[in-house]
Amino acid sequence: MTSQAGSNVAKLRNALNGPSAGGQAISDFTLNSSTNNHFISSTTPNGWNTGPGKMVFDGQLTLNGFLTQNPGIHIFISLRQKASLVGTAITGHGVAFGQLSGFTPYSPTPLVESFFQGGNHVYPNSYSAPSKPIADGNTYRLIIESTVCIDGSRYIRYRMYRFIPGTLPVTSDYWDLHQDTGDVLDTTTTADMTAEGIAVGFVFAGSGTTWSVPFTNCKTTWGPAYSVSSDQTSKLSIYGGAVAGPLDFSGSSTRIGVVTGSSTDYSGYTAVQTTTANLGTGLLIKPNGSATSASVVSVSNSNPTTNYYAASYGVANNLATLLSYGVGTGYAAPEFSVQVGVGNEVMRVKSNALSLPQGLAFPNNGSTISVFNDISLNYNNWTNVQTSLANGATGLVFKPNGSATGSGVICTNTSAPSGTFGAVSYGINGTKAQIVTYSVAAGISGGTPPSLSLQVGVGNEVAVFSQAGLALLGSSTPVGTAIPLSSGITAFGGAYALALMGPSSGQTMNIDTVCSPGFLAGQYGASYSASNLEIMTRPLWAMVSILFADYIRKKLG
């Protein structure tokens, strides 16, 4: 029978009975410090190696001190190894498995690798789950595929599982999937895909001598390929892939599914982290084209079309914004809660107020609270202090810290009280309430302090306190000031009263002169009144009473 006839018979058989697969079981073998490679020369391809076809390796391997004793080691498993090149070059399709620092940001891990005479090519994005690194003491199952499609394209794929022993009767044994790369297009086309062998070995071993990697339950299968495959290199698995360009989501309502853990243990969360070692992470949200705003929005409804609360943080042109709002009837803008520690609220921002349940501290010298004051007397336009208790009276308490015994409010006559300025303070010092005025000259007390004016009605000054004493009703001389009787006047009640002496009588009391209508009229003019007369004569009668009392005391004495 000619080869053409035989081929036609094979095609007819496959059409009637399905494809005739190839492959075989592989005897167990072990890699260790004294056995660095193993070669399977025949895998019974049944003709699927001569054109389009798929070769599959399926086996288990257990790591016994493999990584611990060999810090830089990795195993290679190559399908379609050419027998004539064993010991000279590795050829075909497969994986590298182990310590692969320098090829991938996560290690130890498997990686897709193609081998050819004179070189090799790894696919760095094909690493396994960073949260599930391969480790000693585990048994893994590797399924590696090498495919030549009808169109001549070449693909490599691996699936890796870790064995999880069960705890009967609660759970049974199972294989935990760590990675499935999907078909990765092999961009190198120099390897001989007609070869059927399998090469297994390791490189970069350490000095350890008691480690081992036994391979068990291994087999190969051969069969037909796909007519054409889809390259999965740019969308490997959820664990891998470094995106070299923009990542676009087409259509509306698309989403990124992530995993979240407990409220305080973030190790189970899907994370955003820089790939640069020992560097802080930042996530940039930016507008497109000529737009000038960007934001991050959080909502309270998984279907945010109606009836939900929302909060956004972002920037709009030259204004950074922290915004809350509600959508739907009854959904008012939510309040902002600032917490330091879960549940420890230090600030609550409401639509009409700011609440500080833990207090407000200004740790730096020269800190300022800016308020708005209208220059008019319409105090509704001023910044107000008001109790939050409905219909409650307002009080503002100033208290000392620790063992101190004084506190007060200080007002100054300058916006920069660091040089020469006047000030008044109201407060308490120990057991004494105080109103104190003082002046500061170049930071040193000692200048003339400002006077303290008491007004009933704006500008209606009824008393003035100064260093000299208390002056009432606009008088320039304080009450109680000692004035020689010969000087002619004393201040009392804002009016001038004549002393008990005549202007030129020396120390002689001239009652007639002081009390005569003509003298009074001369002092006050024609418009003096009974009120003026009473005010003027009060000191006179007071002195007369004192003299009389003194006379009686001496007389009786």
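Use the structure listed above.
Residues numbered from 1 in each chain as written. Predicted model: local features only at pLDDT ≥ 70, side-chain atom pairs only at ≥ 80, totals over all residues. Heavy atoms only, no water.

On to the overall build of the chain, then. Looking only at helices and strands, one finds 4 helices and 29 strands in the chain. Buried positions account for 27% of the 557 residues belonging to the chain. Taking contacts inside the chain between residues at least 6 apart in sequence as the whole, the part at least 24 apart equals 51%. With the model as given, the accessible surface of the chain reaches about 35000 Å², and the carbon-plus-sulfur share is 55%. (Helix = DSSP H or I, 4+ residues; strand = E, 2+ residues; numbered from the N terminus. Buried < 20%, exposed > 50% of the residue type's maximum accessible area, 1.4 Å probe, protein only. Contact = heavy atoms within 4.5 Å. Areas by Shrake-Rupley, 256 points an atom, 1.4 Å probe, with all protein chains shown as cover.)

To continue, consider a nonpolar patch on the surface. Together, Val 349, Leu 354, Leu 356, Leu 360, Phe 362, Ile 369 and Val 371 make up an exposed nonpolar region whose accessible area comes to about 640 Å². The residue Leu 356 is located in the loop between strand 20 (354-355) and strand 21 (406-412) in this model. Leu 356 sits in the partly exposed class, given a relative accessible area of 31%. (Patch = residues over 30% accessible without salt bridge, like charges linked within 9 Å, V, L, I, M, F, W, Y side chains within 5 Å. Salt bridge = Lys/Arg side-chain N within 4 Å of Asp/Glu carboxyl O.)

Turning our eyes to something else, we now look at the side chain of His 93. Take His 93: it is sitting in strand 6 (residues 92-98). Residue His 93 is classed as buried on the basis of its relative accessible area, which comes to 0%. Reaching out from His 93, the side chain makes a polar contact with the side chain of Ser 146 at a distance of 2.8 Å. (Polar contact = N/O pair within 3.5 Å; in protein donor to acceptor, adjacent residues only side chain to side chain.)

With that settled, the discussion passes to the environment of Thr 306. Tracing the sequence through the fold places Thr 306 in the loop between strand 15 (293-299) and strand 16 (308-316). Measuring from C-alpha to C-alpha, the distance between Thr 306 and Gly 326 comes to 9.2 Å, with 20 residues separating the pair along the chain. The contact partners of Thr 306, leaving out residues within four places of it in the chain, are Asn 301 and Val 327.

Take the environment of Gly 430 next. Structurally, Gly 430 can be placed in the loop between strand 22 (421-429) and strand 23 (432-441). The exposure class of Gly 430 is partly exposed, given its relative accessible area of 35%. Sequence spacing of Gly 430 and Thr 405 is 25 residues, and the spatial spacing of their C-alpha atoms is 5.0 Å.

Each regular strand shows side chains that alternate between the opposite faces of the sheet. The buried fraction of strand 13 (residues 197-203) is high, at 6 of 7 residues. Two elements, strand 3 (residues 37-40) and strand 13, share 4 bridges in a ladder whose sense is antiparallel. Within the sheet, the bridge partner assigned to Phe 39 lies in strand 13 and is Ala 199. As judged from the 7 bridges shared by strand 5 (residues 74-81) and strand 13, these two strands associate in the antiparallel manner. Considered in strand 13, the bridge of His 74 is made with Val 203. (Pairing = 2+ DSSP bridges.)

What follows covers the packing of aromatic side chains. The full count for this structure, using the stated rule, is 7 aromatic pairs. When the ring of Phe 29 is compared with that of Phe 215, the centres are 4.7 Å apart and the planes differ by 10°; the resulting orientation is stacked. One end of the pair, Phe 29, is in strand 2 (residues 29-32); the other, Phe 215, is in strand 14 (residues 212-223), and 186 residues separate them in sequence. For Phe 29, a relative accessible area of 7% puts it in the buried group. A ring pair is formed by Tyr 266 and Tyr 269, whose centres lie 5.0 Å apart and whose planes are at 70°; its orientation type is edge-to-face. Take Tyr 269: its relative accessible area is 27%, and that puts it in the partly exposed class. (Phe/Tyr/Trp six-rings, centres within 6.5 Å; stacked < 30°, edge-to-face > 60°.)

The next subject is the sheet that holds strand 8 (residues 119-123). One open sheet accounts for 6 strands, arranged 3-13-5-6-7-8; its pairing is antiparallel. Of all the strands in the sheet, the pair left with one neighbour each is strand 3 and strand 8. Ignoring which end each strand starts from, the neighbouring axes of this sheet average 20° apart. (Axes fitted to C-alpha atoms, helices over the stretch in contact; angles between N-to-C directions.)

This paragraph deals with the sheet that holds strand 15. Strand order in this open sheet of 3 strands is 15-16-17, and the pairing throughout is antiparallel. Two strands lie at the open edges of the sheet, namely strand 15 and strand 17 (319-327), each paired on one side alone. Neighbouring strand axes in the sheet, compared pairwise and without regard to direction, differ in orientation by 20° on average. Examined bridge by bridge, strand 15 and strand 16 share 7 bridges and lie antiparallel to one another. If you follow Ala 294 over to strand 16, its bridge partner there is Val 315.

This part takes up the pairing of strand 25 (residues 452-455). Across 4 bridges, strand 25 lies against strand 26 (residues 461-466) in antiparallel orientation. Looking at strand 26, one finds that Leu 452 is bridged to Phe 465.

On to the pattern of salt bridges, then. In the structure shown here, the tally under the stated rule is 7 salt bridges. Between Glu 145 and Lys 54 there is a salt bridge whose closest N-O contact spans 3.4 Å. On the criterion of sequence distance, the pair formed by Glu 145 in strand 9 (residues 139-148) and Lys 54 in strand 4 (residues 53-62) is long-range, its members being 91 residues apart. Of the charged contacts in the structure, one is a salt bridge between Arg 157 and Asp 180, with a shortest N-O distance of 2.9 Å. Of this pair, Arg 157 sits in strand 10 (residues 154-164) while Asp 180 is found in strand 11 (residues 174-180), placing the two residues 23 residues apart along the sequence. Judged by its relative accessible area of 18%, Arg 157 falls in the buried class. Via salt bridges that share partners, Lys 54, Glu 145 and Arg 159 belong to a single interconnected network.

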